[in-house]
Amino acid sequence: MHDISLPAPPAYRGNSPHPLTNRHLWALALALVVACGVFLFWGGGWQSSYILQLRLVKLGGLLCVGASVGVATVLFQTLTNNRILTPAIMGFDALFLLMKTVLVFFSTALSLQFWDNTTVFLGDTAMMIGATMAIFAAVLRRARHDIQLLVLVGVIFGLLFRTITGFLQRLLDPSEFAMLQADMFAQFGGIDRDALTIAATLMGALFIWLAGSHRRLDVLALGRNSAQSLGLRYDRLQLQVLAAIAVLVSVSTALVGPLAFLGLLVSALTHSLMRSHRHGLLLPAAALIACLILVTGQTLFERILNLQSSLAVVIEFCGGLLFLTLLARGKIK
Amino acid sequence: MIDVSHLSYVIADHQILNDITTQLPRNQITALIGPNGAGKSTLLGAIARQLTPSVGEVRIGGENLTQIDPQVLAKRMAIVAQQLHVGSRIRVADLVGFGRWPHSQGRLSAADNAAISDALKRFDLTALHHRFLDELSGGQRQRAFLAMAYTQDTDWLLLDEPLNNLDLKHARSLMAHLRQMVDHGGKSVVVVLHDLNFTLAWADHVVAMRAGQVVFSGPTTEVATSIALSDLYQTEIEVTSLNDRRFALYHR
Ligand SMILES: Nc1ncnc2c1ncn2[C@@H]1O[C@H](COP(=O)(O)OP(=O)(O)O)[C@@H](O)[C@H]1O
Ligand SMILES: [Mg+2]
């Protein structure tokens, strides 16, 4: 093994430095802080505390949505062992809207009008977790190795969920329908303060869990056999991650509505920037990148272009274009 | 000792393992041999608890396999499968580092890093440690997975056709490492081998399988005879000696 004297290869200098020592993460965090400052204060923010308050709520919404879309996408890709599919492409947010519609549909029976916002939201989320688990057990677990099949399943499910949702909504009376309408399209405008508080609380709890589990996620990503032979309780962690994804999708969909391709855009950027398999780096990077896109995008559209509601459209356009490019380049196999 | 008793495994009405009872001795190299489709990989998978047998049980050091906590088992047994694949895009050094997971749960100490560095050296991977797995040749990738299992530092090491992609030098060096681990490190190795000459040269014990059953087993020098091997593979094989070493001739 040591017969020929080649130039000494670069020495192995040890593994896994702490995520807080990563330059890219600090750069992203700094950029985000700047972007948030610009969003808050540019255009008269410091003059009126009323404007500032409105902007703070909106900023909170953008950050919650960004962090949840970014993290949910990375988690989902870890679970399905690929880098193309996102919860949104697989129809998860359509599922959330379906669950919400179902709940509203039976609202009279459930006397929903007497529930407060928090209870309704938690009800939606709980149903979402249940439905996600059921679908995963029925389909995803088996089809995981066949990405084309997964894409197909996702498209069909998304269509199915949307169709059923549409059908149920036609049966609703106008006042019930009004409870849903705001959620059906991506909207960064009217973010509800109560919803934001619940969302932030749920996400905070989830991120604490992730901070303690990110190393186990690295092992999970190796795949079932490797992970199990390293002693990981694979099936249990898989279900926990799935529940986490369901909560995150619920949060972002409830706050702004469905965003089909933001996740894909974020995961592509994250992987090309971080070039690592470690979730200690991937998860914060994805969250920061998603927040950065949303906050700068919103600043641009709201203050410079004076287009209040087109950010979602543009993000979806870019993300959709990326998805098609990946498809055409044969990255989806 | 690993004790396999009355193990059967059935998928979709297909009996893949049929009432297997055998013992794998401690502190020896055991070669698992037999024609393609004999069930060698399946048996190894059952021993490593990657699949659940339909009937029967496996005991390791007297303890029932199903009773052992996964984290404890991961410190006692490592496996390198025949199909090498991981879900994430990962560098060689990181893969090898995962071998320390059962011991350090991902927080690598200086000792862990020294172990990783040592494994990289042993499997001739130092120059490749920064490469992504999908940028390696088949044999290099095989060595990366072997180094990972080696780093796991377990009592038992199960290897499924580890010589498949290796060139002569690395094949010999792997077997020499295994020999050294068994003789000086107190380890036990079970290895699926296709080259009978490697079996005759390195294995202390042989378990021969065909069609989901054990055909014969025992110390290599006693059981690996011309007649037994010819019958096992259903083709003529002659075992001869040269300079006190035993060879199998089956090439023409
Ligand atoms: N997933 C599976 N489904 C059905 N049959 C299988 C599966 N995996 C393996 N087999 C069959 O089980 C038998 C034993 O396979 P295996 O243990 O891989 O053999 P070996 O490693 O000895 O070549 C073969 O006949 C193979 O076709
Ligand atoms: Mg095999």
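Residues numbered from 1 in each chain as written. Chains lettered and ligands numbered in written order. Predicted model: local features only at pLDDT ≥ 70, side-chain atom pairs only at ≥ 80, totals over all residues. Heavy atoms only, no water.

### A few points about the site of ligand 1
Residue and element names in this part refer to chain B. This is how the line gets drawn: Each residue is tested against the molecule or strand, and it is near if at least one of its non-hydrogen atoms lies within 4 Å. Polar contacts, as used here, are pairs of N or O atoms within 3.5 Å; protein pairs need one atom able to donate a hydrogen and one able to accept it. Residues neighboring in sequence count only if both atoms are side-chain atoms. All accessible-area figures derive from a Shrake-Rupley calculation using a 1.4 Å probe, and residue coverage is judged against the displayed protein chains alone. Helix numbers and strand numbers start at the N terminus; a helix is a DSSP run of H or I with at least 4 residues, a strand a run of E with at least 2. Polar here means any residue other than Ala, Val, Leu, Ile, Met, Phe, Trp, Tyr, Cys and Pro, which are nonpolar, and Asp, Glu, Lys and Arg, which are charged; Gly is therefore polar.
All residues adjacent to ligand 1 are Ile11, Ile16, Asn36, Gly37, Ala38, Gly39, Lys40, Ser41 and Thr42. Here an oxygen atom of ligand 1 sits 2.9 Å away from a polar atom, N or O, in the main chain of glycine 39. At 2.8 Å from an oxygen atom of ligand 1 is found a main-chain nitrogen or oxygen belonging to lysine 40. When ligand 1 sits alone it has 560 Å² of accessible area, and the protein chains cover 56% of it. Here the shell around ligand 1 takes 3 residues from helix α1 (residues 40-47), the largest share from any one element. Looking at the shell around ligand 1, its residues break down into 3 nonpolar, 5 polar and 1 charged.

### Some details on the packing of aromatic side chains
Quick note on the threshold: Aromatic contacts are taken between Phe, Tyr and Trp rings whose centres are within 6.5 Å, Trp giving its six-membered ring; a plane angle under 30 degrees counts as stacked, one over 60 as edge-to-face, and the others as tilted. Classification of residues uses two cut-offs on accessible area relative to the type maximum, computed with a 1.4 Å probe and protein chains only: under 20% is buried, over 50% is exposed, and between them is partly exposed.
With the rule as written, the count across this model stands at 3 aromatic pairs over all chains. Taken together, a centroid distance of 5.5 Å and an interplanar angle of 45 degrees make the contact between phenylalanine 157 of chain A and phenylalanine 161 of chain A tilted. Of the two residues, phenylalanine 157 of chain A and phenylalanine 161 of chain A both sit in helix α5 (residues 147-170), 4 residues apart, roughly one turn of that helix. The exposure class of phenylalanine 161 of chain A is buried, given its relative accessible area of 6%. Both rings, one in phenylalanine 123 of chain B and one in tyrosine 150 of chain B, keep their centres 5.7 Å apart while their planes meet at 65 degrees; by these two values the pair is edge-to-face. Pair noted here: phenylalanine 123 of chain B is in the loop between α5 (110-122) and α6 (138-152) and tyrosine 150 of chain B is in helix α6, with a separation of 27 residues, a long-range link.

### Here we look at the environment of asparagine 22 of chain A
Residue and element names in this part refer to chain A. Which entries qualify depends on this criterion: Whether two residues are in contact is decided by their heavy atoms: any pair within 4.5 Å suffices.
In this fold, asparagine 22 is placed in the segment before α1 (23-41). When its relative accessible area of 16% is taken as the criterion, asparagine 22 is described as buried. Linking asparagine 22 and methionine 274, residues 252 residues apart in sequence, is a C-alpha distance of 9.5 Å. Discounting chain neighbours no more than four positions away, the residues touching asparagine 22 are Met274 and Leu281. At a separation of 2.9 Å, a polar atom in the side chain of asparagine 22 contacts the main-chain amide nitrogen of histidine 24.

### Here's the deal with the coordination of the magnesium ion (ligand 2)
Residue and element names in this part refer to chain B. Note the cut-off: Only nitrogen, oxygen and sulfur atoms within 2.8 Å of the metal, or 3.2 Å for Na, K and Ca, are treated as donors, and water is left out, so sites may look incomplete.
The protein atoms that coordinate the magnesium ion (ligand 2) are Ser41 (OG) and Gln82 (OE1), at distances spanning 2.0 to 2.1 Å. One end of the pair, serine 41, is in helix α1; the other, glutamine 82, is in the loop between β6 (77-80) and α3 (92-98), and 41 residues separate them in sequence. Here serine 41 falls in the partly exposed class, since its relative accessible area comes to 31%. What makes glutamine 82 partly exposed here is its relative accessible area of 33%.

### Regarding the sheet that holds strand β5 (residues 63-64) of chain B
All names here are of chain B. The cut-off we apply is this: When DSSP finds two or more bridges between a pair of strands, those strands are recorded as paired. Axes here mean lines fitted to C-alpha atoms, for a helix over just the part in contact, with angles spanning 0 to 180 degrees between N-to-C directions.
Read from one edge to the other, the open sheet built from 4 strands follows the order β2-β1-β4-β5, with strand pairing classed as antiparallel. If you trace the sheet from one side to the other, it starts and ends with β2 (14-24) and β5, each paired once. As paired elements, strand β1 (residues 2-11) and β2 share 7 bridges and run antiparallel to each other. Along β2, the bridge assignment pairs aspartate 3 with glutamine 23. Across the sheet, α1 lies against β1, β2 and β4 (55-60), angled at about 115 degrees from β1, the strand it touches most.

### A closer look at the interface of chain B and chain A
Test applied: Throughout, buried area stands for the accessible area (probe radius 1.4 Å) lost by two parts on being put together, summed over both. Salt bridges are defined as contacts in which a side-chain nitrogen from Lys or Arg sits within 4 Å of a carboxyl oxygen from Asp or Glu.
With 43 residues of chain B at the interface, the matching set in chain A holds 27 residues. Summing both partners gives a buried area of about 2,800 Å² for chain B against chain A, and 58% of it is carried by carbon and sulfur. If you look at where chain B meets chain A, you find 1 salt bridge. Between arginine 233 of chain A and aspartate 69 of chain B there is a salt bridge; the shortest N-O distance is 2.8 Å. Joining chain B to chain A, the criterion identifies 2 residue pairs in polar contact (both at pLDDT 80 or more).

### A look at the sheet that holds strand β10 (residues 213-219) of chain B
All names here are of chain B. Read across the sheet, 6 strands follow the order β6-β7-β8-β3-β9-β10 without closing on themselves; strand pairing throughout is mixed. The open sheet is flanked by β6 and β10, the only strands paired with a single partner. Going from strand to strand, the sheet's axes swing by 15 degrees on average, the running direction of each strand aside. In terms of strand pairing, strand β3 (residues 29-33) meets strand β9 (residues 205-210) through 4 bridges, oriented parallel. When the bridges of β9 are listed, leucine 32 appears paired with valine 207. Contacting β6 and β7 (156-160), α6 runs over the sheet at an angle of about 180 degrees to β6. Running at roughly 155 degrees to β10, helix α10 (residues 226-233) makes contact with β3, β9 and β10 of the sheet.

### Considering a nonpolar patch on the surface
Residues and elements named next belong to chain A. We apply this condition: Note that patches include only residues with greater than 30% relative accessible area and no salt bridge, and the join distances are 9 Å for like charges and 5 Å for nonpolar side chains (Val, Leu, Ile, Met, Phe, Trp, Tyr).
Residues Leu30, Val34, Val38, Trp42, Leu300, Ile304, Leu305 and Leu307 make up a contiguous nonpolar surface patch of roughly 730 Å² in combined accessible area. Where the nonpolar patch is concerned, the elements lending two or more residues are α1 and α11 (279-304). Ranked by the residues each element gives to the nonpolar patch, the list is headed by α1, at 3 residues. Checked against the element boundaries, leucine 307 lands in the loop between α11 and α12 (311-328).

### Overview of the nonpolar core
As a reminder of what qualifies: Side-chain atoms within 4.5 Å are what join buried Ala, Val, Leu, Ile, Met, Phe, Trp, Tyr and Cys residues into a set we call a nonpolar core.
Among the nonpolar cores identified, the biggest contains 154 residues, and Leu75, Ile245 and Leu255 of chain A together with Ile33, Leu133 and Leu178 of chain B are the most heavily contacted of them. Looking at which element gives the most residues to this core, the answer is α11 of chain A, with 15 residues. Judged by nonpolar contacts, the second largest core, of 28 residues, contains Ile20, Leu65, Ile68 and Leu158 of chain B.

### Points about the confidence of the model for chain A
Low pLDDT means the predicted coordinates in that region are not meant to be read closely. Let me state the cut-off plainly: Across the chain, each position has a pLDDT score giving the predictor's confidence in that residue, from 0 to 100.
Averaged over every residue, the pLDDT of chain A is 81; residues scoring 70 or more account for 83%. Confidence, expressed as mean pLDDT per element, reaches its minimum in chain A at helix α6 (residues 174-181) of chain A with 69 and its maximum at α1 of chain A with 91.

### Re the confidence of the model for chain B
Overall, the prediction assigns chain B a mean pLDDT of 93, with 100% of residues at 70 or greater. Our summary of model confidence lists the complex with pTM equal to 0.85 and ipTM equal to 0.88.

### Some remarks on the environment of glutamate 57 of chain B
All names here are of chain B. Relative to the elements of secondary structure, glutamate 57 occurs in strand β4. Remark: the alpha-carbon pair of glutamate 57 and valine 4, spanning 53 residues in sequence, is separated by 6.2 Å. Setting aside residues up to four positions removed in sequence, glutamate 57 forms contacts with Asp3, Val4, Ser5, Leu7 and Asn64. Within the structure, the side chain of glutamate 57 is placed 2.8 Å from the side chain of arginine 59, a separation counted as a polar contact. Separated by 3.1 Å, the side chains of glutamate 57 and asparagine 64 make a polar contact.

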